[in-house]
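Topology and contacts: notes
Okay, here's what each chain looks like letter by letter:
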There are 2 protein chains.
Amino acid sequence: MPAFSALEYRDRIARVKRRMDAAGVDVLLCAEPASLYYLCGYDGWSFYVHQFLVLGLTMDEPLWVGREMDAAGARLTTFLQPVSLEPYPEDYVDAPDRHPARFVAELMKARGHGRARIGLELDAFYFTARSYAELAKALPDARLIDVFPLVNWVRIVKSDAEIEMMRGAAAIVSRAMEVGMAAVAPGVRECDAVAEICAAQLHGTGSYWGDYPSALPSVPSGRKSAAPHLTWSGDRYRSDSVAYLELGGCHQRYHAALARTLYLGKPPQHLLDLARVVSEGLDSALDTACAGGTCHGVEAAWRAVIERAGYAKSSRIGYSIGLAYPPDWGERTASLRQGDRTVLEPNMCFHMILGMWREDWGFELSETFRVTPAGRPEVLTHFPREMVVKA
Amino acid sequence: MPAFSALEYRDRIARVKRRMDAAGVDVLLCAEPASLYYLCGYDGWSFYVHQFLVLGLTMDEPLWVGREMDAAGARLTTFLQPVSLEPYPEDYVDAPDRHPARFVAELMKARGHGRARIGLELDAFYFTARSYAELAKALPDARLIDVFPLVNWVRIVKSDAEIEMMRGAAAIVSRAMEVGMAAVAPGVRECDAVAEICAAQLHGTGSYWGDYPSALPSVPSGRKSAAPHLTWSGDRYRSDSVAYLELGGCHQRYHAALARTLYLGKPPQHLLDLARVVSEGLDSALDTACAGGTCHGVEAAWRAVIERAGYAKSSRIGYSIGLAYPPDWGERTASLRQGDRTVLEPNMCFHMILGMWREDWGFELSETFRVTPAGRPEVLTHFPREMVVKA
């Protein structure tokens, strides 16, 4: 039942071990759900309790440590042997007097890691400060070393099998955008438009079933479009206002994202002007997103276009995207921005998101693309780039 | 635009301050999205970057600290004055060389908290080990004290305005269960059933718009029903198998949850027997869930019924529910289980979830209820308790 071949998991583990070795750690303790999925296939909505993966340089396969009732899910979704599953008892859940990180620390001691150099991902989601404090207390002779985000940097270059998942995700989000653009209209409640969009995301297509995106649709309009991360409400869309849809598509935990703007009425000239420049900036940035180039260079191409037209943008224009769990579909590694010297490699994927948020309105245009071995990137998402105008 | 009156926020802040005082802290630093929403109204899908709330005993209102581009959302959703919004620059996002926790530490020093007793919620979601390390480094003269989950213990008793939100959430999940039971049938893909359910969750009702639940529908069948937290796939439901739906409903970030089991075909006798006993156990446990009773006592009433029938269950049978953000709708305070001596008070709300997971199948029955001032609890969710049988 794991989504990839055992061979692919072995290859991922080998690449992570090489990075561990380079970082000077003997054993890695992961808590990020995406890294658990990546290294052993584990997939469940169980990350609201503590769960871990332990991988030592001398271990053939990692050790899954999770809640007793989730061991059944680990048996069904991972490629691991039963001996590699180490559940902790139910009375560790939300308990004031015991903590799962203490359980994993004792386990590591019992397996000979009590004096090891242990790599931890200190800024990973769901690796809490309490987990760190418990490990430090229970492993006084170990060296705890922050290697965040070690596994994410391995994940950034996708295999061909992963790219196939990305294409599925892109097909889904492209379809969801069609549905969303049809649903948004004056008088419609935001929540009702989102309901249509989410249904499309989860139905997926005939070839690709819809998995849950790690972030929700962003569908603000009017004044609320100035705030990029507001979620919806029961408010109704109004005539003569701008709106945008920023959506994700997900297949087997792999993501593509897509944003488009629409205007309900006759768009004002300043919006048309901005839309034209942003579209030119997108073209120019995509032209430079070639293997061997840098994240910095891609952003610089965008910046040159918009500065010439008198615009500015302080935030990054994109980030590595792929395998993810809530709350984010970004990988927290490379960002398309000034100063990021990450060199683009084939099968890296990015969400290039050109968000222009003003005092009381906003505009977005985005694509998800794959860096190819030579030449321009493969744009995975498919939807016309022109601003949609609905009367 | 905040969901509650300024008066209600002031009351919440006063209650949190009383707990801070009792815990011996001068200032509290929160990172949990639900606690931000609770104390100032902030609501956005922005918790994939670091964000904080700072509340000192001597401060009239808390300080919101978040990403520059999210300040627009803070202006739109909180009751705070502009002077209480402290955004950090965009180049703190996913940056290897700077961290938002360092930003908040410098801010706290500048505001005179450099030698304070600072309360932190060390096991809160999204409060990472890295955040803690940065604070410890930047505030060497402060005392950092773990007070987790301080705000959650204030949240556990709801106001009447919050109970109204809970009733809305319950109406939504009850409706979503109807839709889900109609959608599941032999030959249907799991993802297609979930698409219908999510659409119902987000449409909501005429009176209550649908907000996003903090956890996704759980809809396993057959062998997968043995694993409580698997998510769906493109697999098709099959005849002669058991399935259950565990769903959430959400209105303005308040949650109700509901689980029911169905059988596609003629249910076997052992399943009918279990269903009858679990239903009796639910009745008995609800009978004891009265103000003045304890969480322990409620579980004991359940346990007596199922043990008499020869069953056992090692995991808790419920938890406090209410205001929440992903990944969980539980509040991580009181649990309905052996040894939890929390005394039930009026307007506490619980999700009582009776999950019986066997070697290769599972069964669930649940209700969300409110403790009333006297007598039996108010069951907020509404759906027939009998197992659904579909041919």
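Attention in this report is confined to the structure presented alongside it. Quick caveat, the model's predicted, so the values are computed rather than measured.

With that settled, the discussion passes to the overall build of chain A. Helix and strand content of chain A: ten helices and 13 strands. Taken over the C-alpha trace, chain A has a radius of gyration of 22 Å; the compact-globule value for 391 residues is 21 Å, and the two agree within 12%. Across the 391 residues in chain A, those meeting the buried criterion constitute 67%. Intrachain contacts of chain A at a sequence separation of at least 6 include 70% that bridge at least 24 residues. Treating the 42 positive side-chain charges of chain A as one cloud and the 48 negative ones as another, the clouds have centres 2 Å apart.

Attention now moves to the packing of helix H9 (residues 269-288) of chain A against helix H10 (residues 295-308) of chain A. The relative placement of two packed helices is expressed as an angle between their axes plus a distance between the axes. Residues and elements named next belong to chain A. Running from amino to carboxyl end, H9 crosses H10 at an angle of 150°, the nearest separation of the two axes being 8 Å. It follows from the interaxial angle that H9 and H10 lie roughly antiparallel. As H9 packs across H10, the resulting crossing turns out to be right-handed. Packed against H9, whose contacting residues are Val277, Val278, Glu280, Gly281, Leu282, Ser284, Ala285 and Thr288, the element H10 presents Gly297, Val298, Ala301, Trp302, Val305 and Ile306 at the interface. Its residues assigned to classes, the contact of H9 with H10 comprises nine nonpolar, four polar and one charged.

Contacts between the two partners involve 73 residues from chain B and, on the opposite side, 73 residues from chain A. Note on chain B versus chain A: buried area summed over both sides is about 6200 Å², and carbon and sulfur give 60% of it. Connecting chain B to chain A are four salt bridges. One can count 39 residue pairs in polar contact (both at pLDDT 80 or more) joining chain B with chain A. At the level of elements, helix H3 (71-77), helix H5 (129-138), helix H8 (190-203) and strand E9 (330-335) of chain B are the ones that each hand at least two residues to the side of chain B that touches chain A. A class-by-class count of the residues in the side of chain B that touches chain A yields 33 nonpolar, 20 polar and 20 charged.

The next thing to look at is the packing of aromatic side chains. Tallied over the full model, the rule gives 33 aromatic pairs over all chains. Geometrically, the ring pair formed by Phe47 of chain B and Tyr325 of chain B is edge-to-face, given 5.6 Å between the ring centres and 75° between the ring planes. Within this pair, whereas Phe47 of chain B is found in the loop between helix H2 (33-40) and strand E2 (52-56), its partner Tyr325 of chain B is found in the loop between strand E8 (318-321) and E9, the two being separated by 278 residues in sequence. Looking at Tyr325 of chain B, the relative accessible area reads 5%, which means it is buried. Ring geometry for Tyr92 of chain B versus Phe103 of chain B: centroids 5.7 Å apart, planes at 80°, classification edge-to-face. A residue pair is termed long-range when its members are at least 10 positions apart, and Tyr92 of chain B in the loop between H3 and helix H4 (100-110) and Phe103 of chain B in helix H4 qualify at eleven residues. Like Tyr92 of chain B, the residue Phe103 of chain B is buried in the burial classification. Here the basic side chain of Arg332 of chain A rests over the ring of Phe125 of chain A, its NZ or CZ set 4.1 Å away from the ring centre.

The operation relating the pair of chain copies consists of a rotation about an axis and a translation along that axis. It takes a turn of 180° to lay chain B on chain A, together with a shift of 0.0 Å along the axis; the resulting RMSD is 0.0 Å. The operation mapping one copy onto its partner corresponds to a two-fold rotation axis. No C-alpha of chain B lies nearer the rotation axis than that of Ala129 of chain B, which sits 1.9 Å from it. Both copies contact each other with a shared surface, as 100% of the interface residues of chain B are interface residues in chain A too.

This brings us to the environment of Glu178 of chain B. Residues and elements named next belong to chain B. Among the secondary structure elements, Glu178 is positioned in helix H7 (residues 160-183). Relative accessible area serves as the criterion here: at 45%, Glu178 is assigned to the partly exposed category. C-alpha separation for the pair Glu178 and Ile197, spaced 19 residues apart in sequence, amounts to 8.8 Å.

All names here are of chain A. Strand order in the open sheet formed by five strands is E3-E2-E1-E4-E5, and the pairing between neighbours is mixed. Two strands lie at the open edges of the sheet, namely strand E3 (63-65) and strand E5 (143-146), each paired on one side alone. If you compare each strand with its neighbour and ignore which way they point, the axes differ by 25° on average. In the sheet, strand E2 (residues 52-56) pairs with E3 via three bridges, with the strands oriented antiparallel. Bridged to Val54 within E3 is Leu63.

For the rest of this paragraph, the subject is unusual backbone geometry. Glycine aside, residues mostly have negative phi, and peptide bonds are mostly found in the trans state. Residue and element names in this part refer to chain A. Geometrically, the link from Phe148 to Pro149 is a cis peptide bond, its omega value of -10° lying close to zero. Positive phi, close to 50°, is recorded for Asp94, a residue that is not glycine. Looking at the element boundaries, Asp94 is found in the loop between helix H3 (71-77) and helix H4 (100-110). Given the relative accessible area of 23%, Asp94 is considered partly exposed.

Overall, the coordinates contain 65 salt bridges over all chains when judged by the stated rule. In this structure, Arg67 of chain A engages Glu90 of chain A in a salt bridge whose closest nitrogen and oxygen atoms are separated by 2.9 Å. Residue Arg67 of chain A is located in the loop between E3 and H3, and its partner Glu90 of chain A is located in the loop between H3 and H4; the two are separated by 23 residues in the primary sequence. Its salt-bridge partner being Glu378 of chain B, residue Arg370 of chain B comes within 2.6 Å of it at the nearest N-O pair. Of the residues examined, Arg370 of chain B reaches a relative accessible area of 13% and is grouped as buried. Accessibility expressed as a relative area gives 21% for Glu378 of chain B, which makes it partly exposed. Three or more residues are tied together by salt bridges with common partners; here these are Asp94 of chain A together with Asp123, Arg316 and Arg332 of chain B.

All names here are of chain B. Most of H2 sits inside the fold, with eight of its eight residues counted as buried. Of all the residues in H2, the buried ones are Pro33, Ala34, Ser35, Leu36, Tyr37, Tyr38, Leu39 and Cys40. In the segment just after H2, Gly41 is the residue with positive phi, at about 95°.

All names here are of chain A. For Ala374, the location among the structural elements is in the loop between strand E11 (362-370) and strand E12 (378-379). Residue classification places Ala374 among the exposed positions, given a relative accessible area of 65%. Separated by 13 residues in sequence, Ala374 and Trp361 have C-alpha atoms that sit 38 Å apart.

Cut-offs and rules
Residues numbered from 1 in each chain as written. Chains lettered and ligands numbered in written order. Predicted model: local features only at pLDDT ≥ 70, side-chain atom pairs only at ≥ 80, totals over all residues. Heavy atoms only, no water. Helix = DSSP H or I, 4+ residues; strand = E, 2+ residues; numbered from the N terminus. Rg over C-alpha atoms; globule rule 2.2 N^0.38 Å. Buried < 20%, exposed > 50% of the residue type's maximum accessible area, 1.4 Å probe, protein only. Contact = heavy atoms within 4.5 Å. Lys, Arg positive; Asp, Glu negative; His and termini not counted. Charge placed at Lys NZ, Arg CZ, Asp CG, Glu CD. Axes fitted to C-alpha atoms, helices over the stretch in contact; angles between N-to-C directions. Parallel < 35°, antiparallel > 145°, perpendicular 65-115°, else oblique. Left-handed = near helix turned anticlockwise from the far one by under 90°. Nonpolar A, V, L, I, M, F, W, Y, C, P; charged D, E, K, R; others polar. Buried area = accessible area lost by both parts, 1.4 Å probe. Salt bridge = Lys/Arg side-chain N within 4 Å of Asp/Glu carboxyl O. Polar contact = N/O pair within 3.5 Å; in protein donor to acceptor, adjacent residues only side chain to side chain. Phe/Tyr/Trp six-rings, centres within 6.5 Å; stacked < 30°, edge-to-face > 60°. Lys NZ or Arg CZ within 6 Å of the ring centre and 35° of its normal. Least-squares fit on C-alpha atoms with pLDDT ≥ 70 in both. Pairing = 2+ DSSP bridges.

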